Amino acid sequence: MKVGIVGTGAIGSEVARAASAMDGVDSILLFDIDPDATKQLRNLPRTKVATSAAALVESVDLVIECANKGVVQTTIRDALAKGKKAMLLTIGALADDKLREDLVSLARKHGGKIYLPSGAVMGVDGVKAAAEGDLKSVTLVTTKPPAGLQSGTDRWTLLFSGSAREAVEQFPKNVNVAATLSLAGLGFDQTHVQVAIDPLATRNSHKVIIEGSFGRARIEVENLPSPTNPATSYLASLSAIALLRRIVSPVEIGA
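Note that the coordinates shown come from a computational prediction; the quantities given were computed from them, not determined experimentally. (Residues numbered from 1 in each chain as written. Predicted model: local features only at pLDDT ≥ 70, side-chain atom pairs only at ≥ 80, totals over all residues. Heavy atoms only, no water.)

**Q** I keep staring at the packing of helix H1 (residues 10–19) against helix H8 (residues 234–248) and nothing clicks. Help me out?
**A** Each pair of packed helices can be described by the angle between their axes along with the distance between the axes. Axis separation between H1 and H8 bottoms out at 9 Å; the angle between their running directions is 40 degrees. It follows that H1 is oblique to H8 by the angle criterion. Relative to H8, H1 is oriented so that their crossing is right-handed. On H8, the residues touching Ile11, Glu14, Val15, Ala18 and Ala19 of H1 are Tyr234, Ala236, Ser237, Ala240, Ile241 and Leu244. (Axes fitted to C-alpha atoms, helices over the stretch in contact; angles between N-to-C directions. Helix = DSSP H or I, 4+ residues; strand = E, 2+ residues; numbered from the N terminus. Parallel < 35°, antiparallel > 145°, perpendicular 65-115°, else oblique. Left-handed = near helix turned anticlockwise from the far one by under 90°. Contact = heavy atoms within 4.5 Å.)

Take a look at the structure:
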């Protein structure tokens, strides 16, 4: 498979390095609006730099977006219109109902496919499986140290409690996990989100609580930062790499 990566920041770079050593990946094409961002990656095996995002789309089978909503609105839309596969890392963009519906319609019409990694949380397969039955509730509790939310409070504080759709609006830089769980389960309006700040916390944590006809589950993750970018959870990069491996592998594991 020919893989293209748009955006070579912390996650894009880690995905590129993993892809260059992955069976099933024939070639890798990179693009970033900052030419310097690809310098450390140009010597990876089977890797080249595209002259533009449009040129990248033309040349690959799978486009991996590691950039921003603008790239989802343009490059990913173009890729799906050409029947390509697309992996989105900016999953919060899909809280925009019209954009999400447009992308799904393009994929269905032209034979493309949209892949969404689980990101900085675990248990997404469980939410998907539970949604095949009677899924009654999905709750996400995100707790961060004060620096993670640019707050100077010295006590545990609940900053937000409401729907995932409201959380996306109020915390645009912290929405990917809420968006992923919403799409896997009950949607943006029925997924409940709490955001808290804890001055004793040293890591970002996500607790997922689901209830339904299957029973009840509780999954908690304490994330370590990416080795190359302390603002990014390392698990987000690993989940994108794992999903790419799943796409190119002859064996699939999980719901």
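On we go.
**Q** So what exactly am I meant to see when it comes to the packing of aromatic side chains here?
**A** When we look at a pair of aromatic rings, we describe it by the centre distance and by the angle of the planes. Inspection of every chain in the model, using the stated rule, returns one aromatic pair. Aromatic pair Phe160 and Phe171: ring centres 5.9 Å apart, planes at 75 degrees, arrangement edge-to-face. Here Phe171 lies in the loop between helix H6 (164–170) and helix H7 (176–184) and Phe160 lies in strand E8 (residues 157–163), a separation of 11 residues in the sequence. The class for Phe171 is buried, based on a relative accessible area of 13%. (Phe/Tyr/Trp six-rings, centres within 6.5 Å; stacked < 30°, edge-to-face > 60°. Buried < 20%, exposed > 50% of the residue type's maximum accessible area, 1.4 Å probe, protein only.)

**Q** What is the right way to read the environment of Ile64 from this model?
**A** Secondary-structure assignment places Ile64 in strand E4 (residues 62–65). For Ile64 and Leu88, which are 24 residues apart along the polypeptide, the C-alpha to C-alpha distance reads 6.2 Å. Not counting residues up to four positions away in its chain, the partners in contact with Ile64 are Val3, Gly4, Ile5, Val6, Val15, Met87, Leu89 and Leu244.

**Q** Teacher, can you tell me more about the pairing of strand E5 (residues 85–88) here?
**A** Where a strand is regular, its side chains alternate between the two sheet faces. For E4 and E5, the ladder comprises four bridges, and the chain directions are parallel. Directly across from Leu62, in E5, lies its bridge partner Lys85. As for the winding sense of the linkage, the β-α-β connection from E4 through helix H3 (residues 69–81) to E5 is right-handed. With three bridges joining them, E5 and strand E6 (residues 113–115) adopt parallel strand pairing. Its bridge partner being in E6, Ala86 is matched across the sheet by Ile114. (Pairing = 2+ DSSP bridges. Right-handed = clockwise from strand over helix to strand, strands pointing away.)

**Q** Quick question: what am I supposed to make of the pattern of salt bridges here?
**A** Proximity of charged atoms lets side chains of opposite charge pair with each other. In total, this model carries 13 salt bridges according to the counting rule given. Notably, a salt bridge pairs Glu58 with Lys82, separated by 3.0 Å at the nearest N-O pair. Highlighted residues: Glu58 in helix H2 (residues 53–59) and Lys82 in the loop between H3 and E5, separated in sequence by 24 residues. Judged by its relative accessible area of 45%, Lys82 is partly exposed. Put simply, Asp134 and Lys136 hold a salt bridge, and the shortest N to O gap is 2.8 Å. One network of salt bridges, in which partners are shared, links Asp97, Arg100, Arg165 and Asp189. (Salt bridge = Lys/Arg side-chain N within 4 Å of Asp/Glu carboxyl O.)

**Q** Looking at this model, I keep getting lost on the packing of H3 against helix H4 (residues 97–110). Mind explaining?
**A** For the pair H3 and H4, interaxial distance at closest approach is 9 Å and the crossing angle is 20 degrees. As judged from the angle between their axes, H3 and H4 are roughly parallel. The hand of the H3/H4 crossing is left-handed. Taking contact as the criterion, the partners of Lys69, Val72, Gln73, Ile76, Arg77, Leu80 and Ala81 in H3 are, on H4, Leu99, Asp102, Leu103, Leu106, Ala107 and His110.

**Q** In this structure, what is going on with H1? I would like to understand it.
**A** Owing to its 3.6 residues per turn, the α-helix brings residues three or four apart onto one side. Within H1, nine of the 10 residues are buried, which leaves it mostly tucked inside the rest of the structure. Listing the buried residues of H1 in full gives Ala10, Ile11, Gly12, Ser13, Glu14, Val15, Ala16, Ala18 and Ala19. Its buried side turned inward, H1 meets strand E1 (2–6), strand E2 (27–31), E4 and H8.

**Q** Which parts of the structure should I look at to understand the environment of Thr232?
**A** Mapping Thr232 onto the fold places it in the loop between strand E11 (215–223) and H8. Along the primary structure Thr232 and Ala10 are separated by 222 residues, whereas in three dimensions their C-alpha atoms are 7.5 Å apart.

**Q** I would appreciate a short explanation of unusual backbone geometry in the present structure.
**A** Notably, Arg46 is not glycine yet its phi reads approximately 60 degrees, a positive angle. Residue placement: Arg46 occurs in the loop between E2 and strand E3 (47–49). Arg46 sits in the partly exposed class, given a relative accessible area of 38%.

**Q** Even after reading the chapter, I still don't get the sheet that holds E8, so can you show me in this structure?
**A** One key point about sheets: their strands pair by backbone hydrogen bonds, in either a parallel or an antiparallel sense. The five strands lie next to each other as E8-E9-E7-E10-E11, forming an open sheet whose pairing is mixed. Each edge of the sheet is formed by a strand with only one pairing partner; in this case those strands are E8 and E11. Between one strand axis and the next, the sheet turns through 10 degrees on average, direction left out of account. Pairing of strand E7 (residues 135–144) with strand E9 (residues 191–197) involves seven bridges; the strand directions are parallel. Opposite Lys144, over in E9, you have Ile197 as the bridge partner.

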